[in-house]
Amino acid sequence: MTIKEVQNEIFRLKKENDICILAHSYQAREIIEVADFSGDSYALSKLAKTAPNRTVIMCGVRFMAETVKMLSPDKKVILSHPDAGCPMAEQMDVDFISQMKEMYPDYTVVAYINTTTALKTVCDVCVTSSSAVKIVKQLENNNILFVPDCNLGAFVQKQIPEKNIKLVQGGCPTHAAITEKEAQKAKADHPNALLLVHPECRPAVSEMADYVGSTSGIMDYAVNSDQKEFIIGTENSIAEHLQYLCPDKRFYALSKELICPNMKLTTLVDVLNCCKGVGGDEILLEPEMIEKARKCIDAMIALGG
Ligand code: 13P
Ligand code: SF4
């Protein structure tokens, strides 16, 4: 089958089986094309609440599908590839956070959404990369324990110096691997390009950037800018999507290594199989777990607008 034929079959099955396909922006172009909505983690969380369909296929990683299930527990939620996890989400467990809470009893625990459902049960509020600064600013408590991404936490801290933000060592292995030296080299190779990076990059890299923001933030910035050249400091799929959106501009990957192996697991045929009711992984969560964990997602949506 050609890509077009597979896509047409997906469109037909979506209609027949009342399916909504959500795709994170790191997915391949042919998957984004069959999705009802694509975007960053925050946009997808909000859409998860409002999608009218009975079944949602989440093309992304496990914590994203779990977020959809928590917000729409009556829907059938399928993760597009059973092995697509986010290593950052597995870095801290409930016992670790419980110990931290004992050490810092008067701190509000802010969890990046890239965490497991279990971990969310012991946190106060979730944030995504695009909503973190806005949400932390609004918290009454000035003492914040930020988990698990110390790079995103450091970025938030810089924007809100009046808050006392405690960071814990953790983060995205893909973004955190980018060094200051690589960023310097990319800038030297492309002296006319603006550097746009995701806040999961190390502070030394973010400090060199012309713009720091979520995947959607980076895409909006590049599309709306009058500039013609950009170095993209996030998953390389974003540079590819931007090249299609803006054929008259030039996009350079900050590093050849900026590839998330988990986001790359899902293929268009996996999506077709999910639409047929085979393949993927149905997300099943205990109702008590959902009740405890979704509080911090509801708090995020209430504060994030
Ligand atoms: P966004 O908040 O930009 O969607 O980031 C999700 C992610 O996993 C980045 O690595
Ligand atoms: Fe997780 Fe990093 Fe992949 Fe995002 S890019 S899903 S944070 S491993």
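Summarised in this report is the structure supplied together with it.

## Things to note about the site of ligand 1
Moving on, step 1. Close contacts around ligand 1 come from H24, Y26, D40, S41, Y112, N114, S129, H175, H198, E200, S214 and T215, and that covers them all.
Moving on, step 2. The backbone of S41 places a nitrogen or oxygen atom 2.8 Å from an oxygen atom of ligand 1.
Moving on, step 3. H198 has a polar side-chain atom sitting 3.0 Å from an oxygen atom of ligand 1.
Moving on, step 4. A molecule is said to occupy a pocket when more than half its atoms come within 2 Å of that pocket's grid points, and by this definition ligand 1 occupies the largest pocket.
Moving on, step 5. The residue makeup of the shell around ligand 1, split by class, is two nonpolar, eight polar and two charged.

## Remarks on unusual backbone geometry
Moving on, step 1. The omega torsion across V147 and P148 is -10°, close enough to zero to call that bond cis.
Moving on, step 2. When you line up the elements, P148 lands in the loop between strand 7 (143-147) and helix 8 (150-159).
Moving on, step 3. Residues other than glycine seldom take positive phi values, yet D18 does so here, at roughly 50°.
Moving on, step 4. Under the relative-accessibility criterion, D18 is labelled partly exposed at 27%.

Conventions we followed
Residues numbered from 1 in each chain as written. Chains lettered and ligands numbered in written order. Predicted model: local features only at pLDDT ≥ 70, side-chain atom pairs only at ≥ 80, totals over all residues. Heavy atoms only, no water. Near = heavy atom within 4 Å. Polar contact = N/O pair within 3.5 Å; in protein donor to acceptor, adjacent residues only side chain to side chain. 1 Å grid on protein atoms, 1.4 Å probe; cavity = no way out; pocket = protein on both sides within 12 Å on 5 of 7 lines; lining within 4 Å. Sits in = over half its atoms within 2 Å of the grid points. Nonpolar A, V, L, I, M, F, W, Y, C, P; charged D, E, K, R; others polar. Helix = DSSP H or I, 4+ residues; strand = E, 2+ residues; numbered from the N terminus. Buried < 20%, exposed > 50% of the residue type's maximum accessible area, 1.4 Å probe, protein only.

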